[in-house]
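So you can see what is in the structure, the chains are spelled out below.
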Amino acid sequence: MSLTTSYSLWLLPLCFALGVLCAWLLYRQTPEKHGWSTSLQWMLASARALVIATLAFFLLEPMVRVFLREVRKPVIVLAHDGSSSLTAAGDTAALRSSYQQALKGLSDKLGDSYEVRSFTYGSAVKDGLDFSQQEAQTDIDQVFRAAYDRFAGPDLGAVIIDGDGIFNRGRDPQLAAERLGVPVFTIALGDTIVRPDLVLRNVDHNRITYLGNEFPVVARVEARHFKGERIRVSIARDGKEVLGKDLVVSTDPMITEVPLMVKADAAGLQRYTVRISERNGEASLVNNSQTVYIDVLDDRQKVLILALGPHPDVAALRESMNGLDGYSTEVAYASTFQGKPEDFDLIVLHQLPSGYAAIQPVLTRILERKIPTWTILGQNTDFNQVNALGGGLEITSGQRMVNDAQGGMNPDFALFTVEPEEARAFERFPPLQVPIGTYELGRGATALMFQKVGVVRTNYPLMAIQPQGERHSAITCGEGLWRWRLADMQMYSSHAHFDKLVHKMVAYLALKQDKSRFRVRHPQEFSQNEPVILDAELYNASYEAVNTPEVAIVLKDEEGKDLAYAFSRIGNGYKLEAGSLPPGRYTYTANTTLDGERLSTKGELLVRAMIAEQMSTVADHALWAGIAAKTQGVMVHANDVDRILEAIATKKAIVPRSYAHASFNDLIGLRWLFFLLLALLTLEWALRRRSGTY
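Residues numbered from 1 in each chain as written. Predicted model: local features only at pLDDT ≥ 70, side-chain atom pairs only at ≥ 80, totals over all residues. Heavy atoms only, no water.

1. Some points on the overall build of the chain
Helix and strand counts for the chain stand at 16 helices and 37 strands. A globule of 694 residues ought to have a C-alpha radius of gyration of about 26 Å, yet the chain, at 42 Å, is considerably larger. For the chain, the proportion of its 694 residues judged to be buried stands at 45%. Look at the contacts in the chain between residues 6 or more apart in sequence, and 73% of them connect residues 24 or more apart. About 34,900 Å² of surface is accessible on the chain, with carbon and sulfur atoms providing 52% of the total. With 72 positive and 79 negative side-chain charges, the chain shows a spacing of 6 Å between the two charge centroids. (Helix = DSSP H or I, 4+ residues; strand = E, 2+ residues; numbered from the N terminus. Rg over C-alpha atoms; globule rule 2.2 N^0.38 Å. Buried < 20%, exposed > 50% of the residue type's maximum accessible area, 1.4 Å probe, protein only. Contact = heavy atoms within 4.5 Å. Areas by Shrake-Rupley, 256 points an atom, 1.4 Å probe, with all protein chains shown as cover. Lys, Arg positive; Asp, Glu negative; His and termini not counted. Charge placed at Lys NZ, Arg CZ, Asp CG, Glu CD.)

Have a look at this one:
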């Protein structure tokens, strides 16, 4: 214990002098006045001087510094594997009975000398020991990271972790275990015997395809102890096999990929079961099949290339659009076109409108139905009709003579992204043949490229886009796009730059705006262990977001069972937290009523089963042995956990630690000083009272 002050202790004599001075001024002539004895005078003066000096000393803000010593027990982290793979093989009865008692007993015995912190790990780390074995994933690395984040330092003595060594999530745990800097004691559980088994390790597939297309499904198959056997990998829908392939197990073990091509012949979220044929003696039949869901879309957008006549540009555009997933392309000529413009989501007009082709009815339908257009000008284009079509450019003084104009990218273009590499490529491409005339951007239109004649960059646009309301439109002011595609191949050995530009133009122009007033939004897929969360938006007639009415939704599973929920209001929208749902495909119908109008929307979502723990049942004790060896720990088996107590007792570093730290207290806060001063003042008052002064 020591004394310190906020101000210099050299002021302490002044405090004492102040007390003496006040006492002298008060008691200097008291014997003559009151007839006091000298001893009484000195007693009263001393009490008064001590009180005043002490109060003055308090003005220096004195503090008492006390050193406290604290003894802390070392922390032992005890982590249990809560994954379901532990109950898939081996002596599961012993795991659920005797091992539970042994692990709890170990925790109790350690608790006498150490601070034991227990956890259960799987897809996440939870406090306490949980032996229900319900975790669908195993992340061992996060256990060591959690121990490091919470306890890293001199107080952490050791980590005890059990499990089968199988992890299917996160990184390799060995580096995280070494980073702790303490011994890691491992308890090896599970079964290390490699039993005969056929395992469908993984199924790779597209999440989305289009009706009528064939889509690939790649099954990764593992066969153990079945050399020479013939097995079959099949795909079934609604219990009926749609495709299958036989193969012979040629090695032991054998891991191979089986590619299959399946035709999407039904729209909607389709459920397919990929299965390996079962064989007698398999360790587990659960891992022989997996269920996958493919969203088969029937809303392929249709693009019409309507040309004045055959032209290389038409072929170049068609080849480029054929590689755009979700779109179908049709080519027609003005002289023979008999279709309906409203059947298409985008119409590309090549050298149209033109005085050589009477397509006025088509143009009228385009304007009436607000169909997006991409107009490509040429020598035979009628510029007056182009202006009437409203494509974003005003063309005057147009002639049939042409200039060669290259493209100069507009750095301020922002309707979609053009990478710098792509911009440099287009500026190097050959020039287009642009009809001579005066070109002015219309209101709201923006130029993607400007015309560059020779080395002169003009203000005339070469390609312009007008995002106007529900009908987007674009104009390319010259023909010769086919030269760009050939130049792309010549310069960069692919058509990637040209095709990407065409794809972005088509995707932007044919974009369908969602004008529905009631919408439900959600991810297409959820995992089995994550909550299903849906958001809803409701708009009034002015398309202002509102959330006054109640919104109800009914989910229906594959067995036809209805699950009714109500959305909660949040902000100016709605939110539903339906919790975790069993795996499967769910359809839903959401309803609400706004201003007397009944609004509803339908959709579907998928809850995927977590099957990672079923893929492997062979314990990896080598992982535990490696971690224990690298950290100076010990690996034991389930029937020998008491060895860990002996091993920890031999570790001289795992001992209680003593810590000393200073504690500061204001001297004025000590109650005994207050009562001491009060006693002195009371004594002074009593003596003066007794002597007849008061």
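2. What about the sheet that holds strand β15 (residues 289-297)?
Two pairing modes exist for strands in a sheet, parallel and antiparallel, and in both the strands are linked by backbone hydrogen bonds. One open sheet accounts for five strands, arranged β9-β15-β14-β11-β12; its pairing is mixed. Looking at which strands have only one partner, the edges of the open sheet turn out to be β9 (208-210) and β12 (240-248). Averaged over neighbouring strand pairs, the angle between their axes works out to 30 degrees when direction is ignored. Pairing of strand β11 (residues 230-237) with β12, which is carried by eight bridges, proceeds in the antiparallel orientation. Bridging from a neighbouring strand, Ile235 pairs with Leu243 of β12. (Pairing = 2+ DSSP bridges. Axes fitted to C-alpha atoms, helices over the stretch in contact; angles between N-to-C directions.)

3. Some details on the pattern of salt bridges
Pairs can form between side chains of opposite charge whenever their charged atoms are close. By the definition in use, this model includes 33 salt bridges. A salt bridge links Glu597 to Arg517; the shortest N-O distance between them is 2.9 Å. A residue pair is termed long-range when its members are at least 10 positions apart, and Glu597 in strand β35 (residues 597-608) and Arg517 in the loop between α13 (496-509) and β27 (518-521) qualify at 80 residues. Taking relative accessible area as the criterion, Arg517 reaches 17% and is therefore assigned buried. Across the pair Arg643 and Asp640 runs a salt bridge, and its minimum N-O distance is 3.7 Å. Arg643 gets classed as partly exposed once you look at its relative accessible area, which sits at 36%. (Salt bridge = Lys/Arg side-chain N within 4 Å of Asp/Glu carboxyl O.)

4. Topic: the packing of aromatic side chains
Considering all chains together, one arrives at nine aromatic pairs under this definition. A ring pair is formed by Phe429 and Trp484, whose centres lie 6.0 Å apart and whose planes are at 45 degrees; its orientation type is tilted. On the criterion of sequence distance, the pair formed by Phe429 in the loop between α11 (420-428) and β22 (432-435) and Trp484 in helix α12 (residues 481-492) is long-range, its members being 55 residues apart. The pair formed by Phe429 and Trp484 is uniform in burial state, with each residue classed as buried. Put simply, the rings of Phe413, Phe416 and Tyr508 pair up and form one aromatic cluster. Sitting above the plane of the Tyr148 ring, Arg179 keeps its charged end 3.9 Å from the centroid. Lys302 extends its terminal NZ or CZ atom over the ring of Phe344, reaching a point 5.2 Å from the ring centre. (Phe/Tyr/Trp six-rings, centres within 6.5 Å; stacked < 30°, edge-to-face > 60°. Lys NZ or Arg CZ within 6 Å of the ring centre and 35° of its normal.)

5. Considering helix α16 (residues 671-690)
Between its terminal C-alpha atoms α16 stretches 28 Å, which fits the 28 Å expected from 20 residues at 1.5 Å a residue. Those residues of α16 that are buried lie in contact with α1 (12-27) and α3 (38-58). (Expected span 1.5 Å × (residues − 1).)

6. Observations concerning the environment of Phe57
When you line up the elements, Phe57 lands in helix α3. Exposure remark for Phe57: the relative accessible area of 12% places this residue in the buried category. Beyond its immediate chain neighbours, meaning those up to four positions away, Phe57 contacts Leu3, Thr5, Leu9, Leu12, Cys15, Pro62 and Leu667.

7. Describing the state of the cysteines
Applying the stated criterion to the full structure yields zero disulfides. The structure places no disulfide on Cys15, whose sulfur is separated from the nearest cysteine sulfur, that of Cys22, by 11 Å. Residue Cys22 is classed as partly exposed on the basis of its relative accessible area of 28%. (Disulfide = S-S within 2.5 Å.)

8. Overview of unusual backbone geometry
A negative phi angle characterises most non-glycine residues, just as the trans form characterises most peptide bonds. Residue Pro253 is reached from Asp252 by a cis peptide bond, and omega for that bond is -5 degrees. Within the secondary structure layout, Pro253 lies in the loop between β12 and β13 (254-263). With phi around 55 degrees, Gln133 is a residue other than glycine that occupies positive phi space. Here Gln133 shows up in the loop between β5 (125-127) and α6 (141-151). Even without being a glycine, Gln632 presents a positive backbone phi close to 60 degrees. With respect to the helices, strands and loops of the structure, Gln632 is situated in the loop between α14 (621-630) and β36 (635-637).

9. Remarks on the packing of α3 against α16
Close contact between α3 and α16 brings their axes to 10 Å; oriented N to C, the two are set at 150 degrees. Relative to α16, the element α3 is oriented roughly antiparallel. Note that α3 runs across α16; the crossing there is left-handed. The residues of α16 that touch α3, namely those facing Leu40, Met43, Leu44, Ala47, Arg48, Leu50, Val51, Thr54, Leu55 and Phe58, are Leu673, Leu677, Leu680, Leu681, Glu684, Leu687 and Arg688. Broken down by class, the residue content of the contact of α3 with α16 amounts to 13 nonpolar, one polar and three charged. (Parallel < 35°, antiparallel > 145°, perpendicular 65-115°, else oblique. Left-handed = near helix turned anticlockwise from the far one by under 90°. Nonpolar A, V, L, I, M, F, W, Y, C, P; charged D, E, K, R; others polar.)

10. Notes on the sheet that holds β35
Reading across the sheet, the five strands line up as β28-β35-β34-β30-β31 and stay open at both edges, with mixed pairing between neighbours. The open sheet terminates on both sides in strands that have one partner only, identified here as β28 (525-527) and β31 (562-566). Ignoring which end each strand starts from, the neighbouring axes of this sheet average 30 degrees apart. As paired elements, strand β30 (residues 552-556) and strand β34 (residues 584-594) share five bridges and run antiparallel to each other. Note that in β34 the partner of Lys556 across the bridge is Thr587.

11. Focus on the environment of Asp557
Of note, Asp557 is situated in the loop between β30 and β31. Measuring from C-alpha to C-alpha, the distance between Asp557 and Thr38 comes to 105 Å, with 519 residues separating the pair along the chain. Setting aside anything within four residues of it in sequence, one finds Asp557 in contact with Arg585 and Tyr586.

12. Looking at α12
Its 12 residues give α12 an end-to-end C-alpha distance of 16 Å, which sits within 8% of 16 Å, the value for a rise of 1.5 Å per residue. Buried within α12 are the following residues: Leu481, Trp484, Arg485, Ala487 and Asp488. One side of α12 carries all its buried residues, which in axial view fall inside an arc of 165 degrees. The exposed residues of α12 that point more than 90 degrees off its buried face are Leu486 and Gln490. One or two positions beyond α12, positive phi appears at Ser493, with a value near 60 degrees. (Arc of directions from axis to C-beta.)

13. Regarding the side chain of Gln100
In this fold, Gln100 is placed in helix α5 (residues 98-110). Judged by its relative accessible area of 15%, Gln100 falls in the buried class. Filtering out sequence-adjacent residues up to four positions away, Gln100 remains in contact with Leu95 and Phe131.

14. A closer look at the pairing of β31
Consecutive side chains of a regular strand alternate in pointing toward one face of the sheet and then the other. In the sheet, β30 pairs with β31 via five bridges, with the strands oriented antiparallel. Counterpart to Lys556 in the pairing with β31 is Asp562. Counted along the chain from β30 to the antiparallel partner β31, the turn is five residues long, and its residue Gly560 has a positive phi close to 90 degrees.

15. Considering the packing of helix α8 (residues 312-322) against α12
Two quantities define a packed helix pair, namely the angle between the helix axes and the distance between the axes. Interaxial distance between α8 and α12 falls to 7 Å at its minimum, and their mutual angle equals 55 degrees. Compared by their axis directions, α8 and α12 come out oblique. Mapping the contact onto sequence places Pro312, Asp313, Ala316, Leu317, Glu319 and Ser320 in α8 and Leu481, Trp482 and Arg485 in α12. For the contact of α8 with α12, the class distribution of residues is five nonpolar, one polar and three charged.

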